[in-house]
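One letter stands for each residue in the lines below.
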Amino acid sequence: MNKLTLLFAVASAVVVSSCKKPAGEGGRATITGKIWVENYSTLNNMADIYTSKGEYAGADEDVYIIYGDDASYGNKTKSGPDGVFEFKFLRKGDYKIYVQSKDTTRASYFYGSGSKTVDASVTISDKKETVDVGTLTILN
């Protein structure tokens with residue numbers, strides 16, 4: 001009975017230590033970044049000419065995160081008044097951060113939805129790491 005218990009304990013330890021947790025929540029790492037907005041006027045005379053109306057920090061923008069190779073986002077947050085956002089408590093792995101932006105291409109204006117995604121891919125390689133994706137600039 002003693003040998004059987006020892007064998008079971010060793011087998012359990014091997015199984016548990018060989019399990020690799022995928023990217024996602026449950027860790028101690030953080031991804032941060034900032035949203036910046038470039039505000040433009042509408043299309044003039046059906047030409048690709050836009051007039052800048054200003055730039056500012058992207059407050060209260062939806063920011064999404066995709067864990068690893070997932071097909072859709074796993075979580076979202078809002079940027080703060082200074083455009084800064086963060087996703088906390090992440091495990092090691094690959095992530096994609098994205099926000100929606102106005103699409104100012106002529107084809108989108110006539111045929112598309114008028115929006116596009118602006119994204120950044122990052123890798124967390126240390127369990128306590130903070131990764132800054134930098135500034136994601138969107139059009140409005």
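Look up: the structure comes first, before these words.
Residues numbered from 1 in each chain as written. Predicted model: local features only at pLDDT ≥ 70, side-chain atom pairs only at ≥ 80, totals over all residues. Heavy atoms only, no water.

**Side note on the overall build of the chain**
Part 1 of the reasoning: When helices and strands are counted, the chain shows two helices and eight strands.
Part 2 of the reasoning: Going through the 140 residues of the chain one by one, you find that 30% of them count as buried.
Part 3 of the reasoning: Excluding contacts between residues fewer than 6 apart, the proportion of contacts in the chain whose partners are at least 24 apart in sequence is 60%.
Part 4 of the reasoning: Carbon and sulfur atoms form 53% of the exposed surface of the chain, whose accessible area is close to 9100 Å². (Helix = DSSP H or I, 4+ residues; strand = E, 2+ residues; numbered from the N terminus. Buried < 20%, exposed > 50% of the residue type's maximum accessible area, 1.4 Å probe, protein only. Contact = heavy atoms within 4.5 Å. Areas by Shrake-Rupley, 256 points an atom, 1.4 Å probe, with all protein chains shown as cover.)

**Structural notes on the nonpolar core**
Part 1 of the reasoning: Ile-31, Ile-65, Phe-85, Leu-90, Tyr-95, Ile-97 and Leu-136 are the most contacted members of the largest nonpolar core, which has 22 residues in total.
Part 2 of the reasoning: Of all the elements in the fold, those that place two or more residues in this core are strand S1 (25–40), strand S3 (62–67), strand S5 (84–90), strand S6 (93–102), strand S7 (115–124) and strand S8 (130–139).
Part 3 of the reasoning: Excluding residues that lie within four positions of it along the chain, Leu-90 makes contacts with Gly-24, Glu-25, Gly-27, Arg-28, Ala-29, Ile-31, Ile-65, Tyr-67, Tyr-95, Ile-124 and Lys-127. (Core = buried A, V, L, I, M, F, W, Y, C linked by side-chain atoms within 4.5 Å.)

**Looking at the environment of Lys-96**
Part 1 of the reasoning: On the secondary structure map, Lys-96 appears in strand S6.
Part 2 of the reasoning: On the accessibility criterion, Lys-96 (33% relative accessible area) is partly exposed.
Part 3 of the reasoning: Sequence separation between Lys-96 and Tyr-67 is 29 residues; the distance between their C-alpha atoms is 6.9 Å.

**Notes on the side chain of Thr-32**
Part 1 of the reasoning: Along the polypeptide, Thr-32 turns up in strand S1.
Part 2 of the reasoning: Among all residues touching Thr-32, those that are not within four sequence positions of it are Phe-85, Glu-86, Thr-130, Val-131, Asp-132, Val-133 and Gly-134.

**Remarks on the pairing of S3**
Residues in a regular strand project their side chains so that they alternate between the two faces of the sheet.
Part 1 of the reasoning: Counting buried positions along S3 gives five out of six residues, so the element sits mostly inside the fold.
Part 2 of the reasoning: In this sheet, strand S4 (residues 75–78) lies alongside S3 in antiparallel orientation, the contact comprising four bridges. Looking at S4, one finds that Ile-65 is bridged to Asn-75.
Part 3 of the reasoning: In the sheet, S3 pairs with S6 via four bridges, with the strands oriented antiparallel. Along S6, the bridge assignment pairs Tyr-64 with Tyr-98. (Pairing = 2+ DSSP bridges.)

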